[in-house]
Amino acid sequence: MHIDWILGLIGGLLIGTAGAVFLLFNGRIMGASGLIGGLVDGSARADRLQNAAFLAGVALMPLLLLPLYGEADTHITGSIPVLVAAGLLVGIGTRIANGCTSGHGVCGISRLSLRGIVATLVYIVAGGVSVVIFRHLLGAI
């Protein structure tokens, strides 16, 4: 039996716990796009160091775990233009939606935020439609 679902469950529990701890100690939502956006547009001057440390931890932790797990099979495309376009579209979308999946999906739903629930449903539907269009209809990626 594959254990992928167990790893997903553990990852989800860790993200949920991190969101709860961040909210408990900071009184703010742990949304990655908000933390990055605050650093980019300068609105997080008071929390600049804390936001940078949190984001550095998010980026560096997989590198620290790499020796334990070896190579990760992500099924990601090797096309740099597709990766750049995807990153830009995700960034634009999270700014339009006032948050990302960690902010709306994990923290918004857990607080029973209607905006978080609606945003998460839109993310899921958009992701499903994108997979159908790009993978199954166009055969890309």
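Residues numbered from 1 in each chain as written. Predicted model: local features only at pLDDT ≥ 70, side-chain atom pairs only at ≥ 80, totals over all residues. Heavy atoms only, no water.

1. Some remarks on helix α2 (residues 32-41)
Every buried residue of α2 is listed here: S33, L35, G37 and G38. As for α2, its buried residues are in contact with α1 (4-26), α3 (48-69) and α4 (80-96). In the stretch just after α2, G42 is the one whose phi turns positive, near 85°. (Buried < 20%, exposed > 50% of the residue type's maximum accessible area, 1.4 Å probe, protein only. Helix = DSSP H or I, 4+ residues; strand = E, 2+ residues; numbered from the N terminus. Contact = heavy atoms within 4.5 Å.)

2. Remarks on the pattern of salt bridges
With the rule as written, the count across this model stands at 1 salt bridge. As a salt-bridge pair, D41 and R95 come within 2.9 Å of each other at their nearest N and O atoms. Of this pair, D41 sits in helix α2 while R95 is found in helix α4, placing the two residues 54 residues apart along the sequence. Taking the relative accessible area as the measure of exposure, D41 reaches 45% and is therefore partly exposed. Taking relative accessible area as the criterion, R95 reaches 45% and is therefore assigned partly exposed. (Salt bridge = Lys/Arg side-chain N within 4 Å of Asp/Glu carboxyl O.)

3. Section: the environment of L49
Mapped onto the elements of the fold, L49 is located in helix α3. We classify L49 as exposed; its relative accessible area is 71%. Residues L49 and L39, spaced 10 residues apart in sequence, show a C-alpha to C-alpha distance of 9.1 Å.

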